[in-house]
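Survey of secondary and tertiary structure
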Amino acid sequence: MLVTLIRRYARPYLPYIVAVIIFQLASTIAALYLPSLNAQIIDEGVARGDTDYIWRTGGVMLGVAVIQVATAVAGVYFGSKAAMAFGRDLRRGVFRKVTSFSAKDVNVFGAPTLITRGTNDVQQVQMLVLLGLNFMVATPIMCIGGIFMALREDLNLSWLVWVSVPLLVVVVGYLVVRLMPLFRSMQKKIDRLNGILREQIIGIRVVRAFVREPHETQRFGAANQELTDVSLKIGALFVLMFPAIGMILHVSTAAVLWFGGQRVDAGEMQVGSLTAFLQYLLQILIAVMMGTFMAMMIPRASVCADRIGEVLDVEPSIHEPLTPTVPAGRSGRVEFRNVSFAYPGAEAPVLSNISFTAEPGQTVAIIGSTGAGKTSLLALLPRLYDAASGEVLLDGVPVTNLARSDITTRVAMVPQRPYLFSGTIEHNLRFGRPEATDEELWDALTTAQAEDFVREKSQGLGARISQGGTNVSGGQRQRLSIARALVTRPKVFLFDDSFSALDVATDARLRRALKAKTADATVIIVGQRVSTIADADQILVLDKGQIVDRGTHEELLDSSSTYREIVESQLSTEAAA
Ligand code: CTP
Ligand code: MG
């Protein structure tokens, strides 16, 4: 998966990558050339006292050093550009994919892990690409070139290379192998800690109300301690790593000086060659170290790449038809034909054999006890879910054959738990139709009985709404979300229990105002209060996913015992209150 992702998302940045390779090649070769120039100055210039030679070679050395620095900077620049663009595109890919998910697809993963995959996991892969671009070319050339150059300086000392490099690989490799599982476990512990923290922040009121702080604190404390323990273990290994590497570097240096010194003494080697050899050895060791660190990132990044790939590979369970049918009329006629539906993984159907028709200008009301399947029924029209069998038709065309835009421009839903986005009131109201004028917004607010409280805000339409709409009351949130639906001027309105948080008087006023605004539209209302739905053209009584009775209020009072029970229970509670 790692390779696939990198190949797919790095392709547009191939020119950058080529530039990185060229610049790194240049900078590595320059870096390899420097010690040998240095040796020449010492052995030829200083030894012979040839000032001229020293100046000339020194000049060349300065030039090479400038080239080395400049090309190294350019390489890192293009490498970072490519890696960051890669990360951006990958994040965008994950985001687009998740946006195309149906409610069912989101449930398969769960929201928190989708967030982690789109952010943290992408970052891990991006990091590997960044380091890869920076070291991929330089490291092997530095190793091979370094060995070659070192041997050119002195063959007799070559055994030092063959001893110190494998030693370093073994030591660093051992530590890396020990570190890997710890890193993986740390990732999981961080996930867990985030999960607990998130849950506690969201549920803080409940935690307070039930005085669960000590228990929750303890739960958090345990997860926190686990993370600390893993981090400490990692720290302990790192504490070992740096002295171990330092030790190898220093012992190698001492060995080169010791054995090289003897050869210089015996006149078999020149001092310049000795310093050059030493520098090459250090270059090789550092390159090997970097290579090992890189290798250490690969397993971690590939775990992340797999997790990202799982998201990208999902075929959204609800997709648009390839050749959408264009409906003949656009009046907003809704028809359910023998519709059955079950939630994924549930054995019993939530809805069975639902058939009804809602004509434009009509109001169809659905009433039934909680869990009867009212919300599920509404969800089928905008295709939040697809029916298992039967057909849901909009203007005579099955919704599965309609283009998405054809559905969304004609159907507006006020969900049972309305959600507002962070931003302003205005921005939320224009959600479905950005080009709506201010007058239209105020008009919708008036109808939704929300005008007064918006006018009371000093910033009016520009008043801030926090994420989810948590800084307005439940009833205000409901009315804003009704106004949001009105602004889109749809043909079909779906109100899911949208008046429940309103007092009876406001409920009545709102429905009167709505009636005028929705005269030509098809309205489907889910209601709990009989008063909310009594004047509907047709009332469907839903019980355990089936329509048990249907008719007007008067007809149902006569014919339906279930309906009579609901009415009587509400009358008696009202009387009791
Ligand atoms: N259900 C489910 N998975 C979901 C949502 C609902 O399995 N994601 C099940 C519930 O357990 C319930 C049934 O589907 O038994 C019907 O749920 P719903 O349509 O939400 O019922 P409503 O009639 O809307 O209930 P309420 O009046 O409480 O809103
Ligand atoms: Mg519901």
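Keep in mind it's a predicted model, so treat the numbers as computed, not measured.

**Details of the overall build of the protein chain**
Across its full length, the protein chain holds 20 helices and twelve strands. Taking 2.2 N^0.38 as the reference for a compact globule, 577 residues should give roughly 25 Å; the C-alpha atoms of the protein chain span a radius of gyration of 36 Å, well beyond that estimate. Along the first, second and third principal axes, the C-alpha set of the protein chain runs to 120 × 55 × 50 Å. Within the protein chain, the proportion of its 577 residues that are buried is 47%. In the protein chain, of all internal contacts separated by at least 6 residues, the share reaching a separation of at least 24 is 77%. Approximately 29200 Å² of the protein chain is accessible, and the part contributed by carbon and sulfur atoms is 61%. Here the protein chain contributes 55 positive and 53 negative side-chain charges, whose respective centroids are spaced 3 Å apart.

**Considerations on the packing of helix α1 (residues 2–10) against helix α3 (residues 51–99)**
Across the interface, α1 lies against α3 with an axial gap of 9 Å and an inter-helix angle of 105°. Considering the angle they form, α1 stands roughly perpendicular to α3. Only Phe86, Asp89, Leu90 and Gly93 of α3 make contact with α1, whose side of the interface consists of Leu5, Ile6, Tyr9 and Ala10. In terms of residue class, the contact of α1 with α3 is made up of six nonpolar, one polar and one charged.

**Some words on the coordination of the magnesium ion (ligand 2)**
Coordination sphere of the magnesium ion (ligand 2), protein contribution only: Thr375 (OG1) and Gln416 (OE1), at 1.8 to 2.2 Å. Residue threonine 375 is located in helix α11 (residues 374–379), and its partner glutamine 416 is located in the loop between β6 (411–414) and β7 (423–424); the two are separated by 41 residues in the primary sequence.

**Concerning the sheet that holds strand β4 (residues 389–394)**
Within the open sheet, the four strands sit side by side as β2-β1-β4-β5. Their pairing is antiparallel. Looking at which strands have only one partner, the edges of the open sheet turn out to be β2 (351–358) and β5 (397–398). Across five bridges, the pairing between strand β1 (residues 334–341) and β4 is antiparallel. Looking across to β4, one finds that phenylalanine 336 is bridged to valine 392.

**With respect to the sheet that holds strand β9 (residues 492–496)**
With mixed pairing, six strands are arranged side by side in an open sheet as β6-β9-β10-β3-β11-β12. Single-partner strands in this sheet number two, and they are β6 and β12 (546–551). Averaged over neighbouring strand pairs, the angle between their axes works out to 15° when direction is ignored. Where helix α16 (residues 474–487) meets the sheet, its contacts fall on β6 and β9, and the angle it forms with β6 comes to roughly 180°.

**As for the site of ligand 1**
If you check the shell around ligand 1, you find Tyr343, Val350, Thr370, Gly371, Ala372, Gly373, Lys374, Thr375, Ser376, Gln416 and Gln528 and nothing else. Alanine 372 is positioned with one of its backbone polar atoms (N or O) 3.3 Å from an oxygen atom of ligand 1. Here an oxygen atom of ligand 1 sits 2.6 Å away from a polar atom, N or O, in the side chain of glutamine 416. Compared with its free state, where it exposes 610 Å², ligand 1 has 61% of that area covered by protein. Of the residues contributing to the shell around ligand 1, the split by class is three nonpolar, seven polar and one charged.

**So, the side chain of arginine 433**
Considering the arrangement of structural elements, one finds arginine 433 in the loop between α13 (425–429) and α14 (438–447). Not counting the four nearest positions on each side in its chain, arginine 433 is found in contact with Glu440, Val487, Thr488 and Arg489.

**As for the pairing of strand β3 (residues 363–367)**
Of all the five residues making up β3, five are buried; the element is thus mostly covered by neighbouring parts of the structure. Residue alternation in β3 divides its side chains into two sets, Thr363, Ala365 and Ile367 and Val364 and Ile366, and both sets are buried.

**Re the environment of aspartate 496**
Looking at the secondary structure, you find aspartate 496 in strand β9. Its relative accessible area of 3% is what places aspartate 496 among the buried residues. Sequence spacing of aspartate 496 and methionine 142 is 354 residues, and the spatial spacing of their C-alpha atoms is 68 Å. Here aspartate 496 is in contact with Thr375, Leu378, Val414, Pro415, Gln416 and Val526, once residues within four sequence places are set aside.

**A few points about helix α5 (residues 111–135)**
The terminal C-alpha atoms of α5 lie 36 Å apart, and with 25 residues this matches the ideal 36 Å at 1.5 Å per residue to within 8%. Taken as a whole, α5 carries its principal kink of about 35° at arginine 117.

**A look at the pattern of salt bridges**
Applying the stated criterion across every chain yields a total of 29 salt bridges. Connected via shared salt-bridge partners are Arg333, Glu335, Arg337, Glu359 and Glu391.

**Some remarks on helix α7 (residues 158–202)**
Here α7 contains 45 residues, and its C-alpha end-to-end distance of 64 Å stays within 8% of the 66 Å for a straight helix at 1.5 Å per residue. Along α7, the sharpest change in direction is near 25° and occurs at leucine 179; proline proline 181 comes one to four residues later.

**Notes on the nonpolar core**
Within the largest apolar cluster, 47 residues are counted, with the highest numbers of intra-cluster contacts made by Leu168, Ile234, Ile245, Val256 and Phe277. Secondary structure elements with two or more residues in this core: α2 (14–48), α6 (138–153), α7, α9 (213–265) and α10 (271–312). Excluding residues within four positions of it along the chain, phenylalanine 277 makes contact with Ala150, Glu153, Asp154, Leu157, Ser158, Leu160, Val161, Val256 and Met269. Within the second largest apolar cluster, 44 residues are counted, among which are Ala412, Leu441, Val472 and Ile539.

**Here's the deal with the pairing of strand β10 (residues 522–526)**
Counting buried residues in β10 gives five out of five residues, a clear majority hidden from the surface. What you see with β10 is no split at all: Thr522, Ile524 and Val526 on one side and Val523 and Ile525 on the other are buried throughout. Relative to β10, β3 runs parallel, the two being bridged by four bridges. Residue pairing across strands places isoleucine 366 opposite valine 526, the latter belonging to β10. Of the pairings in the sheet, the one linking β9 to β10 comprises five bridges and is parallel in character. Across the sheet, the residue bridging to aspartate 496 is valine 526, located in β10. Handedness of the β-α-β unit built from β9, helix α17 (residues 504–517) and β10 comes out right-handed.

**Concerning the packing of α3 against α5**
Their axes nearest at 9 Å, the elements α3 and α5 cross at an angle of 160°. For the element pair α3 / α5, the angle class is roughly antiparallel. The two elements α3 and α5 meet at a crossing, and its hand is right-handed. In terms of residue class, the contact of α3 with α5 is built from 14 nonpolar, seven polar and one charged.

**Quick look at the environment of valine 239**
Along the chain, valine 239 falls in helix α9. As a C-alpha pair, valine 239 and phenylalanine 293 span 54 residues in sequence and 16 Å in three-dimensional space.

Cut-off values and rules
Residues numbered from 1 in each chain as written. Chains lettered and ligands numbered in written order. Predicted model: local features only at pLDDT ≥ 70, side-chain atom pairs only at ≥ 80, totals over all residues. Heavy atoms only, no water. Helix = DSSP H or I, 4+ residues; strand = E, 2+ residues; numbered from the N terminus. Rg over C-alpha atoms; globule rule 2.2 N^0.38 Å. Buried < 20%, exposed > 50% of the residue type's maximum accessible area, 1.4 Å probe, protein only. Contact = heavy atoms within 4.5 Å. Areas by Shrake-Rupley, 256 points an atom, 1.4 Å probe, with all protein chains shown as cover. Lys, Arg positive; Asp, Glu negative; His and termini not counted. Charge placed at Lys NZ, Arg CZ, Asp CG, Glu CD. Axes fitted to C-alpha atoms, helices over the stretch in contact; angles between N-to-C directions. Parallel < 35°, antiparallel > 145°, perpendicular 65-115°, else oblique. Nonpolar A, V, L, I, M, F, W, Y, C, P; charged D, E, K, R; others polar. Donors = N, O, S within 2.8 Å, 3.2 Å for Na, K, Ca; no water. Pairing = 2+ DSSP bridges. Near = heavy atom within 4 Å. Polar contact = N/O pair within 3.5 Å; in protein donor to acceptor, adjacent residues only side chain to side chain. Expected span 1.5 Å × (residues − 1). Bend = angle between axes of the 7 residues up to and from the residue. Salt bridge = Lys/Arg side-chain N within 4 Å of Asp/Glu carboxyl O. Core = buried A, V, L, I, M, F, W, Y, C linked by side-chain atoms within 4.5 Å. Right-handed = clockwise from strand over helix to strand, strands pointing away. Left-handed = near helix turned anticlockwise from the far one by under 90°.

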